[in-house]
Amino acid sequence: MSLWGGRFSQTSADDLRALNDSIEFDQALCAEDIEGSIVYARALADADVITQAEAESIIGGLQQVMREFDTEAFEFAEGDEDIHTAVERRLTELIGDVGGKLHTGRSRNDQVATDFRLWSMRAAEHLAGELRQLQTALISVAETHCDTVLPGYTHLQPAQPISVAHWLMSFFWMLERDQHRLRSARERMAECPLGSGALAGNPFPIDRRQIAADLGFERPSENSLDAVSDRDFVADLLYAVSLCAVHLSRLAEDILIYSNPAFGFITLDDRYSTGSSLMPQKRNADPMELMRGKTGRLIGNLAGFLSTLKGLPSGYNKDLQEDKEALFDSLETMFLLLPVITASVSSLMINAKAMSEALSEDLLATDLADYLVKKGLPFRQAHHAVGAIVSLAAERGSELSDLDIETLQGVSGYFADDVAGVFDFSRSLAQRSSFGGTSAAAVKLQIERAKATLAR
Ligand code: ARG
């Protein structure tokens, strides 16, 4: 039996039910729905809307329903339109008509908004935990590679040498911003809509502050009309997830490039690599391509849901039911991806030799200009002089360090014999010791600070 059949003389058409029913997916909210109802039953009794004995009976019944879900013994019935209907239907079967008192003053509008916020708060915490594991993995690989040098790129062209630790830690901080976004989304989420009724509020003297506190919210929502249609928390979380995925798609792309045999900088563990059904030699990084690819789907969920919200009139509208599949899908996708990305990072093989072989002296051109600056030449002139030297070396097909001192001095009188010291990649890194730079000392400090952040 539906919750709203009274004014109709015919039941809904089957095809409408197929469209309208949400039980397929919102049964994932069973625990939150029952928790919300238990707290609401208590609030009704505290307000003397129902007796304490009735509340006991309702709560006992709800606990029984929860046990049935937990043991997978719950049987859905024809007409269970959504999780709210299914729980109330089963409650009434178990305890009789008194079950019908639970919904007093409540609407599925404030109910679903409460359930889904509770679910989202927990999902945000779970996601933060998964991200933390990846952050921890990044730190532990980084820690052993503060002195391993690889070419750093801008525009994907060789730029300056950096350490493997510096490269990996750059992703730590992206994820740390994601953590921040999740926390602030979680803070805004912590407003309890229960007690807002359908739109206008609750006519019984229930204590909304108590309800909010009992359910683990920080506070009750301020405006009942806003509360029943506010899905900002869904958009917040979809955005936090999307941007996090954007970060991880960049890590994935780096891993794809660096594991390409043309680079050979890293190798993914066998357990996280895939092969080809045709080409026996292939070693593909499918998990990274899936990270990159699924990011599109996560952004799609965000863009799609924002479009759903746009222009909705005040109050609850059924459009809002679209919130669940979007968020469930985004989080499920992340929970599928993250353990694989974390394990891939933990088991990443770093091929220091291939990295070192890829270090071309071009990467030291900036250091050469800095050398001239230290001798007193203004940087712009130093930049120009080194540009001329790079082009000279290219013409002759020689390395920068092969050019003799006379040739160098032909371009700039500031060159002296000590220029030979510049052609040292480790020295280049050591020079970049300012806060946040790639020198081993600066990166070690960075790692300490990252660990302290995680410990907080
Ligand atoms: N399944 C609905 C949803 O997810 C529950 C709320 C239904 N409210 C209503 N007035 N029909 O949004």
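You'll find the structure just up there.
Model, not experiment: these values are computed from the prediction.

**Student:** Talk me through the site of the ligand; I want residue IDs and the actual numbers.
**Tutor:** Inspection of the region around the ligand gives Ser 22, Asp 26, Asp 82, His 84, Arg 108, Asn 109, Val 112, Tyr 316, Gln 321 and Lys 324 as its neighbouring residues. One of the side-chain N or O atoms of Asn 109 is found 3.0 Å from a nitrogen atom in the ligand. Between the ligand and Tyr 316, the relevant distance is 2.4 Å, taken from an oxygen atom to a side-chain nitrogen or oxygen of the residue. With the chains in place, 86% of the 340 Å² that the ligand exposes on its own is no longer accessible. The biggest single contributor to the shell around the ligand is helix 6 (residues 108-143), with three residues. For the shell around the ligand, the class distribution of residues is two nonpolar, four polar and four charged.

**Student:** Hey, could you go over the pattern of salt bridges for me, with residue numbers and the actual values?
**Tutor:** According to the stated counting rule, one finds 29 salt bridges in the structure shown. Between Arg 122 and Glu 35 there is a salt bridge, with its nearest N and O atoms 2.7 Å apart. One end of the pair, Arg 122, is in helix 6; the other, Glu 35, is in helix 3 (residues 30-46), and 87 residues separate them in sequence. A residue is classified by how much of its surface remains accessible, and Arg 122, at 33% relative accessible area, is partly exposed. A relative accessible area of 29% places Glu 35 in the partly exposed class. In this structure, Asp 269 engages Arg 271 in a salt bridge whose closest nitrogen and oxygen atoms are separated by 3.5 Å. Beyond isolated ion pairs, a larger network of salt bridges with shared partners links Glu 68, Asp 80, Arg 89, Arg 90 and Glu 93.

**Student:** Describe in detail the pairing of strand 1 (residues 149-154), supporting the description with residues and values.
**Tutor:** As paired strands, strand 1 and strand 2 (residues 157-163) are joined by six bridges and run antiparallel to one another. For Pro 151, the partnering residue across the bridge sits in strand 2 and is Pro 161. Once strand 1 ends, the chain turns through two residues before running back antiparallel as strand 2, passing His 155 with a positive phi of about 55°.

**Student:** Residue-level account of the packing of aromatic side chains, with values.
**Tutor:** Using the criterion set out here, one finds 16 aromatic pairs in the structure. Summarising the aromatic geometry, the rings of Phe 116 and Trp 119 are spaced 5.9 Å apart at their centres and angled 25° between planes, so their arrangement reads as stacked. One end of the pair, Phe 116, and the other, Trp 119, are both in helix 6, three residues apart, so they sit about a helical turn from each other. We note that Phe 116, like Trp 119, is buried. Look at Phe 263 and Phe 265: their rings are 5.4 Å apart centre to centre, the planes differ by 80°, and that puts the pair in the edge-to-face class. Assessed through its relative accessible area of 1%, Phe 265 is described here as buried. Taken together, Tyr 153, Trp 167, Phe 171, Tyr 258, Phe 263 and Phe 265 form an aromatic cluster joined through their ring pairs. In this arrangement the basic side chain of Arg 7 is found over the ring face of Phe 8, its NZ or CZ atom lying 5.7 Å from the centre. The cationic tip of Lys 324 hangs over the ring face of Phe 116; the distance from NZ or CZ to the ring centre is 5.4 Å.

**Student:** Before we move on, could you go through the state of the cysteines and cite the residues and values that matter?
**Tutor:** Scanning the entire structure with this criterion turns up zero disulfides. Looking at the unpaired Cys 30, the closest cysteine sulfur is the one in Cys 192, lying at 18 Å. Residue Cys 30 is classed as buried on the basis of its relative accessible area, which comes to 13%.

Reading guide: rules and limits
- Residues numbered from 1 in each chain as written.
- Predicted model: local features only at pLDDT ≥ 70, side-chain atom pairs only at ≥ 80, totals over all residues.
- Heavy atoms only, no water.
- Near = heavy atom within 4 Å.
- Polar contact = N/O pair within 3.5 Å; in protein donor to acceptor, adjacent residues only side chain to side chain.
- Areas by Shrake-Rupley, 256 points an atom, 1.4 Å probe, with all protein chains shown as cover.
- Helix = DSSP H or I, 4+ residues; strand = E, 2+ residues; numbered from the N terminus.
- Nonpolar A, V, L, I, M, F, W, Y, C, P; charged D, E, K, R; others polar.
- Salt bridge = Lys/Arg side-chain N within 4 Å of Asp/Glu carboxyl O.
- Buried < 20%, exposed > 50% of the residue type's maximum accessible area, 1.4 Å probe, protein only.
- Pairing = 2+ DSSP bridges.
- Phe/Tyr/Trp six-rings, centres within 6.5 Å; stacked < 30°, edge-to-face > 60°.
- Lys NZ or Arg CZ within 6 Å of the ring centre and 35° of its normal.
- Disulfide = S-S within 2.5 Å.

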